Amino acid sequence: HEKSRAAEDNVSPILFVHGNMGSFLQGFNILEFLSWEDRPPRFYAVDFHRSPSALHSSIVVDQADFISAAVRAISQRHKEKVLILAHSAGALAVAAANLTSATVGGVVAINAPLTGHPLFVDPATISFVRSLPPSVLPRDIPLVAFSSGAK
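Residues numbered from 1 in each chain as written. Predicted model: local features only at pLDDT ≥ 70, side-chain atom pairs only at ≥ 80, totals over all residues. Heavy atoms only, no water.

Attention now goes to the pairing of strand S1 (residues 13–17). Looking along a regular strand, one sees side chains alternate from face to face of the sheet. Among the 5 residues that make up S1, 5 are buried, leaving the element largely enclosed by the rest of the structure. Of the two faces of S1, the one holding Pro-13, Leu-15 and Val-17 and the one holding Ile-14 and Phe-16 are both buried throughout. In terms of strand pairing, S1 meets strand S2 (residues 42–45) through 4 bridges, oriented parallel. Paired with Leu-15 across the bridge in S2 is Tyr-44. In this sheet, strand S3 (residues 82–87) lies alongside S1 in parallel orientation, the contact comprising 4 bridges. Residue Phe-16 lies in a different strand from S3, and its bridge partner there is Leu-85. (Buried < 20%, exposed > 50% of the residue type's maximum accessible area, 1.4 Å probe, protein only. Helix = DSSP H or I, 4+ residues; strand = E, 2+ residues; numbered from the N terminus. Pairing = 2+ DSSP bridges.)

The next subject is the packing of aromatic side chains. Applying the stated criterion across every chain yields a total of 1 aromatic pair. On the numbers, 5.7 Å between centres and 80° between planes, the contact of Phe-48 with Phe-66 is edge-to-face. Taken together, the residues span a long stretch of sequence, with Phe-48 in the loop between S2 and helix H3 (57–78) and Phe-66 in helix H3 at a distance of 18 residues. The exposure class of Phe-48 is buried, given its relative accessible area of 10%. Assessed through its relative accessible area of 47%, Phe-66 is described here as partly exposed. (Phe/Tyr/Trp six-rings, centres within 6.5 Å; stacked < 30°, edge-to-face > 60°.)

What follows concerns helix H4 (residues 89–96). Counted residue by residue, H4 has 7 buried out of 8 residues, so it is predominantly covered. Burial in H4 covers these residues: Ala-89, Gly-90, Ala-91, Leu-92, Ala-93, Val-94 and Ala-95. Buried positions along H4 lie against S1, H3, S3, strand S4 (104–110) and helix H5 (123–131). (Contact = heavy atoms within 4.5 Å.)

Strand pairs in the sheet, formed through backbone hydrogen bonds, run parallel or antiparallel to each other. Reading across the sheet, the 5 strands line up as S2-S1-S3-S4-S5 and stay open at both edges, with parallel pairing between neighbours. Two strands bound the open sheet, and with one partner strand each, they are S2 and strand S5 (143–146). Direction aside, the axes of adjacent strands within the sheet are offset by 15° on average. Where H4 meets the sheet, it contacts S1, S3 and S4, and its direction lies at approximately 135° from that of S3. (Axes fitted to C-alpha atoms, helices over the stretch in contact; angles between N-to-C directions.)

Tallied over the entire structure, the rule returns 1 salt bridge. Measuring nitrogen to oxygen at the nearest pair gives 2.5 Å for the salt bridge that ties Arg-42 to Glu-80. Remark: Glu-80 occurs in the loop between H3 and S3 and Arg-42 occurs in strand S2; sequence separation between them is 38 residues. (Salt bridge = Lys/Arg side-chain N within 4 Å of Asp/Glu carboxyl O.)

By size, the foremost hydrophobic cluster in this structure holds 31 residues, and its most contacted members are Leu-15, Val-17, Ile-67, Ile-84, Val-94 and Leu-99. When residues of this core are traced back to their parent elements, those giving at least two are S1, H3, S3, H4, S4 and H5. Beyond its immediate sequence surroundings of up to four residues, Leu-99 is in contact with Ser-68, Val-71, Ile-84, Val-94, Val-104, Leu-137, Pro-138 and Ile-141. (Core = buried A, V, L, I, M, F, W, Y, C linked by side-chain atoms within 4.5 Å.)

A few words now on the confidence of the model for the chain. Averaged over all residues, the pLDDT of the chain is 78; the fraction at 70 or higher stands at 73%. In the predicted structure, residues 1–8 sits below a pLDDT of 50 and forms 2 contacts with residues beyond four places in sequence or in another chain. (pLDDT = per-residue confidence, 0-100.)

With that out of the way, let us pick up the environment of Arg-139. Tracing the backbone through its elements, the reader meets Arg-139 in the loop between H5 and S5. It is 9.6 Å that separates the C-alpha atoms of Arg-139 and Thr-100, two residues lying 39 residues apart in sequence.

Pairing geometry for S3 and S4, over 6 bridges, is parallel. Across the sheet, the residue bridging to Ala-86 is Ala-109, located in S4. Inspection of the sheet shows S4 paired to S5 by 4 bridges, in the parallel sense. Bridge pairing in S5 links Ala-109 to Ala-145.

So this is what it looks like as structure tokens:
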């Protein structure tokens, strides 16, 4: 047990944030993949109950508030920075969250509409995305974003 506890101490906690109409269940495949390593991850996932976050900016703002609180709680619990893995519109909520480099070690955004999205129909959501700063996150928080598809 001593070896596994020491190995666990070297693994940053991970917070998975699902996208529009998603579920915490989407994080299970990621958790399964990460569990193949010798060091099991400390994995957390939010569940916004399949909220249509791509349809209205007020939903994204509420999710951002929750993410801010979750990151603070996870960071305090483990006494280290949290790695955030965000999918699709979940990355918009992460971008809107009040995050600092004191609690976040980095963000990985997968298929995230950080510069626009073809399905946004709500004018407030379009304005919200356009209002994000070019760096999306505070400059001292690393961001890795990758996408697939037509664009």
